[in-house]
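Analysis of the macromolecular model
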Amino acid sequence: MSESTEVLVLGSGVAGLFFALRAAEHRKVTILTKSMRAESNSRYAQGGIAAVWSEDDDYEHHIRDTLVAGAGLCRREAVEQTVRRAPARVQDLIRYGTQFTRREEHPDQYDLHREGGHSHRRILHADDLTGAEMVRALIAACEANPNIRILDHHTAIDLVTEKWLARRNNEIPPERDRVIGAYALDQKSGEVRAIGAKVVVLATGGAGKVYLYTTNPDIATGDGMAMAWRAGARVANMEFVQFHPTCLYHPQEKSFLISEALRGEGGKLVLPSGARFMDSYDARAELAPRDVVARAIDNEIKRRGLSCVYLDMRHLSAKELETKFPNIYGHLRSLDIDMATQPIPVVPAAHYFCGGVQTDLQGETSILNLFAVGETACTGLHGANRLASNSLLEAIVFADQAAHSVHERFGNVASDPSLPDWDHGSAVDSDELVVINQTWEEIRRFMWNYVGIVRTHRRLKRAQRRVELVQDEIRKYYWDFRITADLIELRNLAMVAEMVVTCALQRRESRGLHYTLDFPESDPRFIHDTVISRPDQ
Ligand code: FAD
Ligand code: SIN
C-alpha cells in the first residue's frame, strides 16, 4: 500500500535534521534513517564548524582559504553564500540548543580552534565532540516538533520518478524528470514501503566505507549518491576523496579519528626516530592542507616500510590535553596510550567525499523537487579539496537554502503522488550471505590499493575491470534474492566505486585530492567539474 508525506528526508545527520527543522516551520516532514537516529558521520565530528567569529577575521579570509584548498574548482557563488551565511546558521544551531565550548578566561566568548588551511582561528567546537553535541541538540529539537516524524531502521532503496513510472507503464516519459517518492525497507518487518512525497531530500551522507581504511562509521555507504545516479541525476567530482592524515593506528580500533585540531594546537608529525618530516614537504608543515599532509605521510610510510607515523603532543601537559581534548585523551587512555608521554600512532584513512549529487545554490539536483544536502551533495563549495570544518557548515547552510526553496515552490507541486507497490518478483531468501561479505571486502580492498591517495592510470584501469565484474555479480544477486539492508548497501557501494573510478579516469591531471603519478601536474584544460550521469537519461 502506497502512503505519502509532504516532505521526505532520507538521513538523520546534521544536514537532514537541520533541513527538517527549517522545513517543518511550514510543512509536515518525515525522516527515514537506516540505523538509530543518532548514528551518522555527523555524530563523530570532532574538530568543529568553521565560521567567521572573531574581530581579526573576516569573510574574505575564509573565502580565500576555501578557494585555495579547492585548487581552482570551487564555485565562487557557493563559497560566498556559505561563508557569508555561516555566522547566522551557527546562531541557529545555538538557538536549537547546541552548546559550544566557551573560553575559560572569558566565558562570554566562544573558544575558537584553528585547523590546517585556515589563516585564522574560526572553528567553533564542543570540546572534541562537536558532532555529537550538534546531533543531540538537533534530535531533541526535531523530537519536540509536532510536524516532524522520524522512522529509525528504514533503509531507502531507490527513488521513484515520473520518468521511471512512465517507462514502467509504457507511457511517454516527461522531458524533465521529477521525483515523486521513494521505496524503503522497514528493517524490522522486512517489508518494503512505497512512500510518495512532493519533495524528497537526500541527506544520506558520504561513502567512506568504500575504502578499506576509513574514519567513517558503517552507515557511510554512499546510498544517496547511488540512488540519485540510478534515478538519472547528475553526479560530479567523485574522484576527489579526502583522506584524513591522522586516523589512529591500533589493532583494536580501526576508525578512530585524531582530530586536526591537535595539529592546530602545535602537534608535530614524527617518524619512529622522533624526527619531523612535514617541513620538507610544505612551508606550512603540519598545518598544510590535508591532501599535502596525507600524501606526505603516505610517502614516508611507503618509502621507509613503516606501519604508521606518530603525532607528538608532548609539548602539552596531561591536564591541558585532558581539558582541550577530553574525548581523544580518554579514548587513548582506554587503549593504554598516554598522549602526554607517548606520541600517538597515526595513518591516513578515507574521510570525506567532496563529490556527490550535483546541486544548484538552493540544493536542488538536476531532477525536479529532488534536493541533496550535506556530504551526499556536490554544491561547488569544496572544489577539488575541502577545507577542514567546512562540511558541517555546508550541511546547515544548504539545508537552510533548500528549506526556503521548498517552501517557495509548494504552491505548484503535484497533488499527492501514489506509488506502485514494490515488486519482489521471483526473488527468494538468500542462504549465501558470505557472498555479500566477500564482495564488500573485495571492493574496499581494491579501492584502497588502486584508487587511494596516490593513483596511476594502470591501477585505475585494474580497478575498473574489477568493479565491472563485481557489478555484474551484484546485479544477478540483486534480482534473484529478496532485498536486505546489507544487499542494498553493497549494491550502492559498488556503484560508488564505479563512479569514483570513472571520474578519476577522466581527470588526466593532478589537482587537489586527485593525485596521479602519470600526470603529476595540474593542467588548465581540466579546470571544470567531472560530471557523470546514467547514459540512458
Ligand atoms: P551524515 O551525518 O553521515 O548522516 C547521514 C544519515 O543518512 C545517517 O543518519 C544515515 O544513517 C542515513 N542514511 C544513509 N543511507 C541511508 C538510506 N539508504 N536510507 C535511510 N537513511 C540513510 N566535518 C566538519 O565540518 N568538522 C569536523 O570536525 C568533522 N569531523 C569529522 C570526524 C569524523 C570521524 C568524520 C567521519 C567526519 C567528520 N567531518 C567533519 C565530516 C562531517 O562530519 C560530515 O561530512 C557531515 O557530518 C555529514 O553530514 P550529513 O548529514 O550529510 O551526513
Ligand atoms: C578533524 O577534527 O580533524 C576533522 C575535521 C574535518 O573533517 O573537517
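What comes next concerns the included structure.

Reading the values: the criteria
- Residues numbered from 1 in each chain as written.
- Chains lettered and ligands numbered in written order.
- Predicted model: local features only at pLDDT ≥ 70, side-chain atom pairs only at ≥ 80, totals over all residues.
- Heavy atoms only, no water.
- Helix = DSSP H or I, 4+ residues; strand = E, 2+ residues; numbered from the N terminus.
- Rg over C-alpha atoms; globule rule 2.2 N^0.38 Å.
- Contact = heavy atoms within 4.5 Å.
- Areas by Shrake-Rupley, 256 points an atom, 1.4 Å probe, with all protein chains shown as cover.
- Pairing = 2+ DSSP bridges.
- Patch = residues over 30% accessible without salt bridge, like charges linked within 9 Å, V, L, I, M, F, W, Y side chains within 5 Å.
- Salt bridge = Lys/Arg side-chain N within 4 Å of Asp/Glu carboxyl O.
- Lys, Arg positive; Asp, Glu negative; His and termini not counted.
- Charge placed at Lys NZ, Arg CZ, Asp CG, Glu CD.
- Buried < 20%, exposed > 50% of the residue type's maximum accessible area, 1.4 Å probe, protein only.
- 1 Å grid on protein atoms, 1.4 Å probe; cavity = no way out; pocket = protein on both sides within 12 Å on 5 of 7 lines; lining within 4 Å.
- Points joined across faces, edges and corners; volume = space filled by probe spheres on them.
- Nonpolar A, V, L, I, M, F, W, Y, C, P; charged D, E, K, R; others polar.
- Right-handed = clockwise from strand over helix to strand, strands pointing away.

1. Notes on the overall build of the protein
Helix and strand counts for the protein come out as 14 helices and 18 strands. The C-alpha atoms of the protein give 22 Å as radius of gyration, which agrees with the globular expectation for 537 residues (24 Å, within 12%). Along the first, second and third principal axes, the C-alpha set of the protein runs to 70 × 55 × 45 Å. Summarising the internal contacts of the protein: among those between residues at least 6 apart in sequence, 75% fall at separations of at least 24. As displayed, the protein has an accessible area near 21100 Å², and 48% of this comes from carbon and sulfur atoms.

2. Observations concerning the sheet that holds strand β10 (residues 235–236)
Spatially, the 4 strands line up as an open sheet ordered β17-β15-β10-β18, and their pairing is mixed. Strands with a single pairing partner mark the edges of an open sheet, and in this sheet they are β17 (377–378) and β18 (531–532). Across 2 bridges, β10 lies against strand β15 (residues 356–358) in antiparallel orientation. Considered in β15, the bridge of Val235 is made with Val357.

3. What about a positive patch on the surface?
Taken together, the side chains of Lys461, Arg465, Arg466 and Arg508 define a basic patch exposed on the protein surface. Structurally, Arg465 is set in helix α13 (residues 457–480).

4. Describing the pattern of salt bridges
By the definition in use, this model includes 43 salt bridges. Put simply, Asp158 and Arg491 hold a salt bridge, and the shortest N to O gap is 3.2 Å. Taken together, the positions of Asp158 in strand β7 (residues 154–161) and Arg491 in helix α14 (residues 485–506) put the pair 333 residues apart, joining distant regions of the chain. The burial state of Asp158 is the same as that of Arg491; both residues are buried. For Glu260, the salt bridge identified is with Arg290, shortest N-O distance 2.5 Å. A residue pair is termed long-range when its members are at least 10 positions apart, and Glu260 in the loop between β11 (241–248) and α7 (261–264) and Arg290 in helix α8 (residues 290–304) qualify at 30 residues. Per residue, the accessibility class of Glu260 equals that of Arg290, and both read buried. Shared partners join several salt bridges into a network, and the residues in it are Arg22, Glu25, Arg89, Asp92, Arg95 and Asp400.

5. Notes on the layout of surface pockets
Unfilled space is identified by rolling a water-sized probe across the atoms. Roughly 840 Å³ of internal volume is contained in the second largest pocket. In terms of lining, the second largest pocket is formed by 33 residues, of which the most central are Asp158, Arg230, Tyr478, Trp479 and Arg491. If you list the elements that add at least two residues to the lining of the second largest pocket, you get β7, α5 (162–168), α6 (223–231), α13 and α14. Considering every element that reaches the lining of the second largest pocket, the biggest residue donor is α13, with 5 residues. Looking at the lining of the second largest pocket, its residues break down into 14 nonpolar, 6 polar and 13 charged.

6. Here's the deal with the pairing of strand β2 (residues 29–32)
On β2, burial covers both faces: Val29 and Ile31 on one face and Thr30 and Leu32 on the other are all buried. Of the strand pairs in this sheet, strand β1 (residues 2–10) and β2 are connected by 4 bridges, and their pairing is parallel. Among the inter-strand pairings, Leu8 is bridged to a residue of β2, identified as Thr30. The parallel pair β1 and β2, bridged by helix α1 (residues 14–23), forms a crossover whose chirality is right-handed. One ladder, built from 4 bridges, connects β2 with strand β6 (residues 148–151); its direction is parallel.

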